[in-house]
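Here's the letter readout for the chains.
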Amino acid sequence: MHLSFVIPCYNESENVEAMHDAVAAVMEGCGFSYEMVFVDDGSRDDTFARLKALHARSRQYVRVLRFSRNFGKESAIYAGLSHAKGELVTLIDADLQQPPALALEMARFLDENEDYDCVAAFQERRLESRRLSFLKKSFYKLINRMTEIEFVQGASDFRTMRRRMVDAILSMGETNRFSKGIFSWVGFCTHYIPYRAEDRHAGASKWNTWKLFKYALDGIVSFTTMPLRLTAFAGLGTAFVSLLYTIVVVIKKLFFGIDVPGYATLAVLILLLGGLQLFAMGILGEYLAKTYGESKCRPIYLTRTVLEPREPDQKTN
Ligand code: UDP
Ligand code: MG
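Report on the accompanying structure.

Analysis parameters
- Residues numbered from 1 in each chain as written.
- Chains lettered and ligands numbered in written order.
- Predicted model: local features only at pLDDT ≥ 70, side-chain atom pairs only at ≥ 80, totals over all residues.
- Heavy atoms only, no water.
- Helix = DSSP H or I, 4+ residues; strand = E, 2+ residues; numbered from the N terminus.
- Expected span 1.5 Å × (residues − 1).
- Buried < 20%, exposed > 50% of the residue type's maximum accessible area, 1.4 Å probe, protein only.
- Contact = heavy atoms within 4.5 Å.
- Phe/Tyr/Trp six-rings, centres within 6.5 Å; stacked < 30°, edge-to-face > 60°.
- Lys NZ or Arg CZ within 6 Å of the ring centre and 35° of its normal.
- Salt bridge = Lys/Arg side-chain N within 4 Å of Asp/Glu carboxyl O.
- Pairing = 2+ DSSP bridges.
- Axes fitted to C-alpha atoms, helices over the stretch in contact; angles between N-to-C directions.
- Patch = residues over 30% accessible without salt bridge, like charges linked within 9 Å, V, L, I, M, F, W, Y side chains within 5 Å.
- Areas by Shrake-Rupley, 256 points an atom, 1.4 Å probe, with all protein chains shown as cover.
- Near = heavy atom within 4 Å.
- Polar contact = N/O pair within 3.5 Å; in protein donor to acceptor, adjacent residues only side chain to side chain.
- Nonpolar A, V, L, I, M, F, W, Y, C, P; charged D, E, K, R; others polar.
- 1 Å grid on protein atoms, 1.4 Å probe; cavity = no way out; pocket = protein on both sides within 12 Å on 5 of 7 lines; lining within 4 Å.
- Points joined across faces, edges and corners; volume = space filled by probe spheres on them.

## Some remarks on helix H10 (residues 263–295)
Taking 1.5 Å of rise per residue, the 33 residues of H10 would be expected to cover 48 Å, and the 47 Å separating its terminal C-alpha atoms lies within 8% of that figure. When we look at burial in H10, the residues that qualify are Ile 283, Tyr 287 and Lys 290. Among the structural elements, helix H8 (209–223) and helix H9 (226–256) are those in contact with the buried residues of H10.

## Let's talk about the packing of aromatic side chains
Enumeration over the complete set of coordinates arrives at 12 aromatic pairs. Arranged with centres 5.7 Å apart and planes meeting at 25°, the rings of Trp 210 and Phe 213 form a pair that is stacked. Highlighted residues: Trp 210 and Phe 213, both in helix H8, separated by 3 residues, approximately one helical turn. The exposed category is assigned to Trp 210, whose relative accessible area is 54%. When its relative accessible area of 47% is taken as the criterion, Phe 213 is described as partly exposed. Stacked on the ring of Phe 71, the Lys or Arg Arg 69 has its end atom at 3.9 Å from the ring centre.

## So, the pattern of salt bridges
Evaluated as defined, the whole model comprises 14 salt bridges. When the shortest N-O distance is used, the salt bridge between Arg 57 and Asp 21 registers 3.7 Å. Here Arg 57, found in helix H2 (residues 47–57), pairs with Asp 21, found in helix H1 (residues 16–27); they are 36 residues apart in sequence, far enough to count as distant. Across the pair Asp 117 and Arg 162 runs a salt bridge, and its minimum N-O distance is 3.4 Å. Taken as a pair, Asp 117 in the loop between helix H4 (100–112) and strand S5 (118–123) and Arg 162 in strand S6 (residues 155–162) lie far apart in primary sequence, 45 residues in all. Overall, Asp 117 belongs to the buried group, its relative accessible area being 7%. The class of Arg 162 is buried, set by a relative accessible area of 7%. The network of salt bridges with shared partners includes Glu 114, Asp 117, Arg 162 and Arg 164.

## Digging into the sheet that holds S5
Strand pairing in a sheet takes place through backbone hydrogen bonds and is either antiparallel or parallel in direction. One open sheet holds the 8 strands; their spatial order is S7-S5-S6-S4-S1-S2-S3-S8, and the pairing between them is mixed. Of all strands in the sheet, those bounded by a partner on one side alone are strand S7 (190–195) and strand S8 (303–307). Pairs of neighbouring strands in the sheet enclose a mean axial angle of 20°, with direction left out of account. Looking at chain direction, strand S1 (residues 2–9) and strand S2 (residues 33–40) are connected through 8 bridges and run parallel. Note that in S2 the partner of Ser 4 across the bridge is Glu 35.

## Considerations on a nonpolar patch on the surface
A contiguous nonpolar patch, built from Phe 240, Val 241, Leu 243, Leu 244, Ile 247, Val 250, Ile 251, Leu 254, Phe 255 and Phe 256 and spanning about 1,100 Å² of accessible area, is present on the exposed surface. By the element assignment, Leu 243 lies in helix H9.

## What to know about the site of ligand 1
As a matter of local geometry, ligand 1 sits amid 16 residues, with Glu 12, Asp 41, Asp 95, Ser 205 and Lys 206 nearest to it. Glu 12 is positioned such that a nitrogen or oxygen atom in its side chain is 2.6 Å from an oxygen atom of ligand 1. Measuring from an oxygen atom of ligand 1, one finds a side-chain N or O atom of Gln 97 at 2.7 Å. Among the residues making up the shell around ligand 1, the classes are represented as 5 nonpolar, 4 polar and 7 charged.

## Regarding empty space enclosed by the protein
Inspection of every chain in the model, using the stated rule, returns 1 cavity of 30 Å³ or more. There is about 40 Å³ of room inside the largest cavity. Broken down by element, the lining of the largest cavity gets its largest block of residues, 4 residues, from helix H3 (residues 73–83).

## A few points about the pairing of S5
With 5 of 6 residues buried, S5 is to be regarded as a mostly interior element. Here 4 bridges tie S5 to S6, and the two strands are oriented antiparallel to one another. Directly across from Ala 120, in S6, lies its bridge partner Arg 159. Bridge count between S5 and S7: 6 bridges; the pairing is parallel. If you follow Ala 120 over to S7, its bridge partner there is Tyr 192.

Printed below as a string of structure tokens:
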């Protein structure tokens with residue numbers, strides 16, 4: 001079996017060597033052949049220089065892709081998957097939060113269990129604040145209720161997949177990529193194993209609450225049109241209630257004459273309906289924007305440099 005490690009890197013200059021060494025240490029003499037596909041996602045530090053040095057000195061098979069700018073982790077994953085040659089492919093972060101030894105365990109599991117196509121790791125206990133944990137839990141509840149596919153609580157991108165699943169993922173050419181949804185959407189048999197995320201080896205996480213919120217919204221818009229349907233229902237409900245109220249107003253007018261005080265009712269109605277309309281338009285806008293983005297068919301990533309693996313006896317130049 002040949003195992004590819006796909007490693008997205010954005011400003012990970014202090015981590016890539018440690019990551020490379022950790023993978024090499026785990027894989028040495030394990031019986032699998034392997035390669036590492038580092039994707040430099042437009043880093044602003046010297047990540048690429050370090051990767052280039054790694055590529056030059058490494059006896060192992062190291063492939064390096066350098067993007068023309070920062071395209072985001074999702075694009076880096078796609079690029080890595082398209083350049084990986086293994087029958088099994090592991091997605092793993094560059095910051096050593098996810099132990100490479102577990103990747104080997106995943107590969108062994110797939111080697112022994114033909115029925116499974118993927119082993120994914122999920123975090124049993126998260127190293128994060130209660131507020132963030134709560135928000136994430138609520139997101140999973142919400143998205144699972146709205147979509148037909150299942151999003152597994154705490155499951156990360158850290159996983160090992162068989163070639164057929166990788167090809168299925170690559171066949172989904174959408175520009176707006178939400179991997180968690182894509183992994184579930186393609187189906188295949190996934191085995192989940194728990195893991196404990198380590199502290200970051202060096203550097204800082206690229207996520208903050210606002211980015212996570214946008215990411216969650218992207219996930220919902222990418223995988224369900226339920227919000228559109230809900231606005232339609234809300235519109236229908238409001239129309240129905242308005243009709244009842246109209247009848248009340250007409251009856252009042254006919255039998256009791258014009259009731260002058262009514263400013264509060266009017267103000268409330270205008271504000272409520274105006275708000276509802278803007279909200280519905282916002283939801284429509286989100287879907288329209290996504291459709292607009294996809295309709296341009298822009299590439300998912302652009303590479304500036306690709307360093308192919310050296311043959312074991314090839315000299316560095
Ligand atoms: N990453 C990337 N492009 C980005 C942001 C992140 O390739 O625009 C990579 C990053 O280098 C790391 C992985 O994605 O290898 C996970 O990022 P991070 O550690 O910031 O996320 P966290 O572990 O905090 O969820
Ligand atoms: Mg991390």
